[in-house]
Every structure is written in C-alpha cells, then in structure tokens.
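Fold and geometry: a report
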Amino acid sequence: MSEFSYEKLLNALDLHQNILHAEKQAISARDLDTVENILLQKDYSLELVLAARNEVDSKFPDFVSDRISSVMNQQRQNTLDFKKLHIQDQNNTSNTEETNPLFKRLRRAYQK
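Let me begin by describing the structure that accompanies this report. Note that the structure is a prediction, hence the values are computed from the model and not measured.

Cut-off values and rules
One numbering rule holds for all chains: residues counted from 1, following each sequence as written. At least 70 in pLDDT is required for a residue's local features to be given in this predicted model, at least 80 for side-chain atom pairs to be given and counted, and no such filter applies to totals for whole chains, interfaces and linings, which use all residues. Each side-chain value is derived from all of the structure's non-hydrogen atoms; neither hydrogens nor water enter the calculation. Only DSSP runs of H or I reaching four residues or more are called helices, and only runs of E reaching two or more are called strands; each is numbered from the N terminus. A helix is expected to span 1.5 Å multiplied by its residue count minus one. Accessible area is worked out with a 1.4 Å probe on protein chains only. A residue is then buried under 20% of its type maximum, exposed over 50%, and partly exposed in between. For the purposes of this section, nonpolar cores are sets of buried Ala, Val, Leu, Ile, Met, Phe, Trp, Tyr and Cys residues that join through side-chain atoms within 4.5 Å. What makes two residues a contact is simply this: any of their non-hydrogen atoms within 4.5 Å. Orientation is described by axes fitted as lines to C-alpha atoms, over the contacting stretch for helices, and by angles from 0 to 180 degrees between their N-to-C directions. We call two directions roughly parallel when the angle between them is under 35 degrees, roughly antiparallel when it is over 145, roughly perpendicular when it lies between 65 and 115, and oblique otherwise. Note: crossing handedness is left-handed where the near helix turns anticlockwise from the far helix by less than a right angle, and right-handed where it turns clockwise. The classification used treats Ala, Val, Leu, Ile, Met, Phe, Trp, Tyr, Cys and Pro as nonpolar, Asp, Glu, Lys and Arg as charged, and all other residues, Gly among them, as polar. Here a pair means two rings of Phe, Tyr or Trp (six-membered ring of Trp) with centres within 6.5 Å. Their orientation is stacked below 30 degrees between planes, edge-to-face above 60, and tilted elsewhere.

1. Thoughts on helix α1 (residues 7-28)
For α1, built from 22 residues, the straight-helix expectation of 32 Å at 1.5 Å per residue is met to within 8% by its first-to-last C-alpha distance of 31 Å. Residues L9, L10, A12, L13, H16, Q17, I19, L20, E23, A26 and I27 constitute the buried set of α1. Where α1 terminates, the next one or two residues include R30, which has phi positive at roughly 60 degrees.

Right, dumping it as structure tokens:
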C-alpha cells in the first residue's frame, strides 16, 4: 500500500499527538480543568485513529509503525507525569480526593 492509503490514519495520529501535547502542557501547568477537557478530546481522536486503522492493512509499513510508537510513548509519558503530579499532591495534602472530586475522576481515568 502507498503512503496515500495511510493518509487518513496518519492524519488521525497527528491529531491525537497534538492533543497529547496539549495534555502534557496542562499536566505540567497543573491545570486539571483543562486536562479534563482534553480527556474528552482524546476519546474522540482515539475513535478516529481506531476507525482509520480499521480501513487499512494491519501490517503497517515502518513509517506508520514509527508514528504509532511515538504516539504510544507520548501517552505513556503523560500517564507517568500525571501519576507524579498525583503523588506530589498527595504528599502536600492528605485528603486531595475528598477536597477535589475532579482530581479523583482524572486519577481513575489514568489508572485504566
């Protein structure tokens, strides 16, 4: 298959990677409201990635596999960063979950 046949998948991966970058920035800024909004966008972009993936051969060429690996690595890093943020906040306050229900929902989302 040509690169053109993977264009939809690559575009969906680009969108998802852009959302992951925004998520990274929101996590770094400790902006939980933005992180929550981004999680909704991420769900949608992931649906686009999965739909596009289903339209092409599952034996991806290297350039597509590399892009998928890059997106997955960025997601892993965001998850680690969020866990670090949660641990730091737990150390700063003993009842973060009781005082911030948004933080509790986000923690559940990242522990999946």
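There's more to say after this.
2. Details of the nonpolar core
Y6, L9, L10, A12, L13, L20, V49, A52, V56, F60, V64 and V71 together form the largest nonpolar core, which totals twelve residues. Breaking this core down by element, the ones donating at least two residues are α1, α2 (32-53) and α3 (62-92). The leading source of residues in this core is α1, at five residues. Sequence-distant contacts of L20, that is, excluding residues within four places in its chain, are made with K42, V71, Q74, Q75 and N78. Listed in part, the nine residues of the second largest apolar core include A26, L32, V35 and L85.

3. Brief notes about the packing of α1 against α2
Where α1 meets α2, the closest approach of the two axes is 9 Å, and the angle between their N-to-C directions is 165 degrees. The pairing of α1 with α2 is recorded here as roughly antiparallel in orientation. For the pair α1 and α2, the crossing hand works out as left-handed. Each of K8, L9, A12, L13, L15, H16, I19, L20, A22, E23, A26 and I27 in α1 lies in contact with α2, whose residues at this interface are T34, V35, I38, L39, Q41, K42, S45, L46, L48, V49, A52 and R53. Of the residues contributing to the contact of α1 with α2, the split by class is 16 nonpolar, four polar and four charged.

4. Digging into the packing of aromatic side chains
Scanning the entire structure with this criterion turns up two aromatic pairs. Ring centres 6.3 Å apart and planes at 70 degrees place the aromatic pair Y6 and F60 in the edge-to-face group. Pair noted here: Y6 is in the segment before α1 and F60 is in the loop between α2 and α3, with a separation of 54 residues, a long-range link. An identical accessibility class is assigned to Y6 and F60; each is buried. Given the relative accessible area of 2%, Y6 is considered buried. Taken together, Y6, F60 and F63 form an aromatic cluster joined through their ring pairs.

5. Digging into unusual backbone geometry
If you check the backbone angles, R30 has positive phi at about 60 degrees while not being a glycine. As for its position among the elements, R30 is in the loop between α1 and α2. In this structure R30 comes out as partly exposed when scored by relative accessible area, which is 40%.

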